[in-house]
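Descriptive analysis of the structure
What follows is the residue order along each chain.
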Amino acid sequence: MKITVAGERKEYDEGLTVSKLIEIENVETPEYVTVSVNEEFIGSDTFESHVLKEGDEVEFLYFMGGGR
Amino acid sequence: MIVKISKSDYGKILEYALSQRPDEACGLIAGEDKEDGSREIKKVYLLTNIDHTNEHFSIDPKEQLGAIKDMRSNGLKPLGNWHSHPESPSRPSEEDKRLANDSKASYLILSLEDENNPVLNAFHVETVDGEKTVRKEELIIS
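Below you will find a few notes about this structure.

Here is what the cut-offs are and how they apply
- Residues numbered from 1 in each chain as written.
- Chains lettered and ligands numbered in written order.
- Predicted model: local features only at pLDDT ≥ 70, side-chain atom pairs only at ≥ 80, totals over all residues.
- Helix = DSSP H or I, 4+ residues; strand = E, 2+ residues; numbered from the N terminus.
- Rg over C-alpha atoms; globule rule 2.2 N^0.38 Å.
- Buried ≥ 20, exposed ≤ 12 C-beta atoms within 10 Å, placed from the backbone.
- Contact = placed C-beta atoms within 7 Å.
- Pairing = 2+ DSSP bridges.
- Axes fitted to C-alpha atoms, helices over the stretch in contact; angles between N-to-C directions.
- Nonpolar A, V, L, I, M, F, W, Y, C, P; charged D, E, K, R; others polar.
- Expected span 1.5 Å × (residues − 1).
- Arc of directions from axis to C-beta.

Some remarks on the overall build of chain A
Along the backbone of chain A there are one helix and six strands. For chain A, the sequential pattern of α-helices and β-strands runs β-β-α-β-β-β-β. In terms of overall dimensions, chain A is globule-like: its C-alpha atoms have a radius of gyration of 12 Å, near the 11 Å expected for 68 residues. With the C-alpha coordinates of chain A rotated into their principal frame, the extents come out at 45 × 25 × 20 Å. Taken over 68 residues, chain A has a buried fraction of 18%. Of all intrachain contacts in chain A linking residues separated by at least 6 positions in sequence, the fraction that spans at least 24 positions is 61%.

Brief notes about the sheet that holds strand β5 (residues 57–62) of chain A
In spatial order, the strands read β2-β1-β5-β3-β4 (chain A); together these five strands make up an open sheet with mixed pairing. Unpaired on one side and paired on the other, β2 (8–11) and β4 (40–42) of chain A mark the two borders of the sheet. Strand-to-strand twist across the sheet, computed as the mean angle between neighbouring axes with direction ignored, equals 35°. Of the strand pairs in this sheet, strand β1 (residues 2–5) of chain A and β2(A) are connected by four bridges, and their pairing is antiparallel. Following the sheet pairing, Thr4(A) is matched in β2(A) by Arg9(A). Docked against the sheet, helix α2 (residues 61–73) of chain B engages β3 (33–37), β4 and β5 of chain A, running at close to 115° with respect to β5(A).

Considerations on the interface of chain B and chain A
Of the residues lining the interface, 22 residues belong to chain B; the matching set on chain A comes to 15 residues. Elements with a minimum of two residues in the side of chain B that touches chain A: β4 (56–58), α2, β5 (77–85) and α3 (94–98) of chain B. It is α2(B) that provides the largest number of residues to the side of chain B that touches chain A, a total of five residues. Class assignment of the residues belonging to the side of chain B that touches chain A gives a composition of six nonpolar, nine polar and seven charged. Across three bridges, strand β6 (residues 65–67) of chain A lies against β4(B) in antiparallel orientation. In the strand pairing of β4(B), Gly66(A) is matched with Phe57(B).

Looking at helix α1 (residues 7–20) of chain B
Given 3.6 residues per turn, any residue in an α-helix points the same way as the ones three and four places further on. Residues and elements named next belong to chain B. For α1, spanning 14 residues, the distance from its first C-alpha to its last is 20 Å, which sits close to the expected 20 Å at 1.5 Å a residue. For α1, every residue scored as buried is listed here: Tyr10, Ile13, Ala17 and Gln20. Burial along α1 is one-sided: seen end-on, the buried residues are contained in an arc of 100°. Residues Lys7, Ser8, Glu15 and Ser19 are exposed on α1 and point more than 90 degrees away from its buried face. Residues of α1 that are buried make contact with β1 (2–5), β3 (39–47), β5, β6 (106–111), β7 (119–128) and β8 (131–141).

What about the sheet that holds β3(B)?
Residues and elements named next belong to chain B. The strand order around the closed barrel formed by seven strands is β1-β3-β2-β5-β6-β7-β8, and the pairing between neighbours is mixed. Between one strand and the next, the sheet's axes are offset by a mean angle of 35°, whatever the strand orientation. Relative to β3, β1 runs parallel, the two sharing two bridges. Each residue of the ladder has a partner; that of lysine 4, found in β3, is glutamate 40.

With respect to the environment of Ser88(B)
For Ser88(B), the location among the structural elements is in the loop between β5 and α3. Classification of Ser88(B) as partly exposed rests on a count of 17 C-beta atoms within 10 Å. With 25 residues separating them along the chain, Ser88(B) and Glu113(B) place their C-alpha atoms 5.3 Å apart. Setting aside chain neighbours within four positions, we find Ser88(B) in contact with Arg68(A), Ser111(B) and Glu113(B).

Quick look at unusual backbone geometry
Residue Pro22(B) follows Arg21(B) across a cis peptide bond; omega there is 10°. Residue position: Pro22(B) is located in the loop between α1 and β2 (26–33). Despite not being glycine, Thr29(A) shows a phi value in the positive range, around 35°. By the secondary structure assignment, Thr29(A) is in the loop between α1 (18–24) and β3. For Thr29(A), a count of 12 C-beta atoms within 10 Å puts it in the exposed group. Positive phi, close to 50°, is recorded for His52(B), a residue that is not glycine. Along the chain, the position of His52(B) falls in the loop between β3 and β4. Taking the number of C-beta atoms within 10 Å as the measure of exposure, His52(B) has 12 and is therefore exposed.

Purely spatial values, then, with no claim about function.
Encoded structure:
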């Protein structure tokens, strides 16, 4: 199946979860990553169970914050 | 690393940061990395600090997503972020360092501690042997 990841359309195996995609894509510091699928943010507690499907658009966003 | 920003984009950051006081203001920077090793900021994004305090900031993730898509559609590269310190100097705080997790990013910090003399600096933050190290980058406003 084809999924668009960070603007790039790629081929993946069926049944791919968000957790597996994070692993395949070598996402750095995944504990600080927020994931959106089709512009909807999904909770990190569902990364293991969220199965991606053909045509999904996935973005990895790094939390950006700080303090004085 | 030399980081270049136009006076116009610096002015946008400054005006927005002043308007958001007493809260910290924040946003993203985008542009391109040059062959000579410098980087040029070509667009600044003025985004919402969802913490709405003068003590810390978190960039609104929905706005962040919109900005990333805008960069992509305009052929720009994400270069890092910027935020203001309304009451403290232009240097990364301990929390800034802890939450700086992209070693490829430039982190711009605008101090409004002295309203008549705002200071903008750029920093590189990376983890070396488990410790966050900070290096000041050369920032050219022209």
